[in-house]
Amino acid sequence: MPSTREFNAVLASRFARWLRVLEYSADTNRGYLCSIASLCQFLNDIPVTDVTHLDIRDFLASIAQRGIKQATISRAMCALRCFFDFLNMGGLINWSPPRFVRLQRLRRAVPRVLTEKQVRLLLSGARDLHERTMIEVLYGTGARVGEIRSMRVEDVDFEARRIRVLGKCGYRYVLFPRAISGYLRRYIGKRKTGYLFVARSLSRRVHLMRVPNGAWRSHLYKYDPATKRSHRIRWYVPKREGLTYDQALRRLKQDIPDTILDLSIGKKPLACVTVRWVVMRVGLKVGIRVNPQLLRHTFATHLLDHGADIRMIQKMLGHVSVSTTQRYTHVSMKQVQKVLDKCHPRNL
């Protein structure tokens, strides 16, 4: 007879498989499973099939006590509702406890945006072509971080000035201005295939460690293009060989596969955190707090400032609903001021 924790873990693993069937994005799946794992840890020896709405409230209250933002709590509630709907659909429970818990309505904060002068200052702070091209593409296309890392050289169409990207709802095209074409051509160079933005160094360094018994050990990471993951390879030299540090290091370098040292340029996509770090580092250099999402907000707001239609901005941002795009109408006061100056009788 499995224990309660094992029972909860089995249901969580089945829920993970169900999320893959629903074809949610990888980030959504990861966030949902993290919330369910936190719930199972909070419940301890209580089966998830015996949970009531009071247990859900206690769990959310424990999260709130950690100082977590309201938006994060709302996302956790979405995960709980999806999980218990899954259990209800499977016949394990007769009702969904999270559906009987109501949170305070989430207040949509007005997104902060950069001025056009700040954007020019940010672009001037890039130290090389890699940083300049990445920031130009982020601001020029309004693409998400995940779309930036999925861009491939063969999907860049210079004639139509568009790039095919993998977004939250599948593949779509993002357009880019003429000013970006020159940076893209120089950055791509002679490459014909592979990911557009590439790492300029190995993602992981080789470390050699001495075991207390006198042996040497290390671990390497080999990237597998088929699974798009890095697999850990363990390396070990026993004490009886009596190697010094320099001898062990030479042996380690000889045993490293060529695929680790000479990874083809553009074969491995950048991590999302790498894209964010590039933008934040350039911003710190010029004294501006900035991240890729802020550049996406700035892209939409500047288009609205210069007279773009909200439906066109929705298409460029890849939003399914125009209500998501309408948040930028609260930001663009410059456009409102133009209408006031043009149409109000006191200004005529």
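Participant: Before we move on, could you go through the overall build of the protein and cite the residues and values that matter?
Facilitator: Each helix and strand counted, the protein has 15 helices and six strands in total. Relative to its full complement of 348 residues, the protein shows a buried share of 39%. Pairs at least 24 apart in sequence give 61% of the contacts found in the protein among residues at least 6 apart. Counting only carbon and sulfur atoms, one obtains 52% of the accessible surface of the protein, whose full area is about 21,700 Å².

Participant: If you had to explain the environment of Val119 to someone new, which residues and values would you point to?
Facilitator: Residue position: Val119 is located in helix H5 (residues 116-124). Separated by 20 residues in sequence, Val119 and Tyr139 have C-alpha atoms that sit 8.4 Å apart. Discounting residues that sit within four places of it in the chain, Val119 has contacts with Leu114, Tyr139, Thr298 and His302.

Participant: Run through the environment of Gly287, naming residues and quoting values.
Facilitator: Take Gly287: it is sitting in the loop between helix H11 (272-286) and helix H12 (292-305). Of the residues examined, Gly287 reaches a relative accessible area of 66% and is grouped as exposed. For the pair Gly287 and Gln118, spaced 169 residues apart in sequence, the C-alpha separation works out to 9.8 Å.

Participant: Just give me the short version of the environment of Phe158, but keep the residues and values in it.
Facilitator: Structurally, Phe158 is set in the loop between strand E1 (156-157) and strand E2 (162-167). Under the relative-accessibility criterion, Phe158 is labelled partly exposed at 22%. Taking the C-alpha atoms as reference, Phe158 lies 8.8 Å from Arg185; in sequence the two are 27 residues apart. With residues up to four places along the chain from it excluded, the contact list for Phe158 reads Phe176, Ser181, Leu184, Arg185 and Ile188.

Participant: Tell me what's going on with the side chain of Arg172, and back it up with residues and numbers.
Facilitator: Residue position: Arg172 is located in strand E3 (residues 170-175). Accessibility expressed as a relative area gives 14% for Arg172, which makes it buried. Side-chain polar atoms of Arg172 contact the side chain of Glu147, separated by 2.9 Å. From its side chain, Arg172 meets the backbone oxygen of Leu317 in a polar contact 3.4 Å long. With residues up to four places along the chain from it excluded, the contact list for Arg172 reads Ala143, Arg144, Glu147, Ile163, Arg164, Val165, Arg296, Lys315, Met316, Leu317 and Gly318.

Participant: If you had to explain the sheet that holds E2 to someone new, which residues and values would you point to?
Facilitator: Strand order in the open sheet formed by three strands is E1-E2-E3, with antiparallel pairing between adjacent strands. What marks the edges here is a single partner per strand, and that holds for E1 and E3. Across two bridges, E1 lies against E2 in antiparallel orientation. What sits directly across from Asp157, in E2, is Arg162.

Participant: Can you lay out unusual backbone geometry for me, pointing to particular residues and giving the numbers?
Facilitator: Positive phi outside glycine occurs at Asn44, with the angle close to 60 degrees. Following the sequence through the fold, Asn44 ends up in the loop between helix H2 (26-43) and helix H3 (53-64). Of the residues examined, Asn44 reaches a relative accessible area of 34% and is grouped as partly exposed. Unusually for a residue other than glycine, Arg161 sits at a positive phi of about 50 degrees. Note on placement: Arg161 falls in the loop between E1 and E2.

Participant: Explain the nonpolar core to me, using residue names and the numbers behind them.
Facilitator: Core analysis: the biggest nonpolar cluster contains 35 residues, and Met151, Leu196 and Phe197 have the highest contact counts within it. Elements supplying a minimum of two residues to this core: H5, helix H6 (129-141), helix H7 (145-150), E2, helix H8 (178-188), H11 and H12. Among the elements that make up this core, the one with the highest residue count is H11 (five residues). Of all hydrophobic cores here, the second largest spans 27 residues; its members include Leu19, Ile36, Ile63 and Ala76.

Participant: If you had to explain the packing of H6 against H11 to someone new, which residues and values would you point to?
Facilitator: Orientation of H6 relative to H11, taken along the N-to-C sense of each, is 100 degrees, at an axis distance of 10 Å. As judged from the angle between their axes, H6 and H11 are roughly perpendicular. Contact residues: His130, Glu131, Met134, Ile135 and Leu138 in H6; Val275, Val278, Val279, Arg281 and Val282 in H11. Its residues placed into classes, the contact of H6 with H11 shows seven nonpolar, one polar and two charged.

Participant: Run through the pairing of E3, naming residues and quoting values.
Facilitator: Inspection of the sheet shows E2 paired to E3 by six bridges, in the antiparallel sense. Across the sheet, residue Ile163 finds its bridge partner in E3, namely Val174. From the end of E2 to the start of E3, which pair antiparallel, there are two residues.

Reading guide: rules and limits
- Residues numbered from 1 in each chain as written.
- Predicted model: local features only at pLDDT ≥ 70, side-chain atom pairs only at ≥ 80, totals over all residues.
- Heavy atoms only, no water.
- Helix = DSSP H or I, 4+ residues; strand = E, 2+ residues; numbered from the N terminus.
- Buried < 20%, exposed > 50% of the residue type's maximum accessible area, 1.4 Å probe, protein only.
- Contact = heavy atoms within 4.5 Å.
- Areas by Shrake-Rupley, 256 points an atom, 1.4 Å probe, with all protein chains shown as cover.
- Polar contact = N/O pair within 3.5 Å; in protein donor to acceptor, adjacent residues only side chain to side chain.
- Pairing = 2+ DSSP bridges.
- Core = buried A, V, L, I, M, F, W, Y, C linked by side-chain atoms within 4.5 Å.
- Axes fitted to C-alpha atoms, helices over the stretch in contact; angles between N-to-C directions.
- Parallel < 35°, antiparallel > 145°, perpendicular 65-115°, else oblique.
- Nonpolar A, V, L, I, M, F, W, Y, C, P; charged D, E, K, R; others polar.

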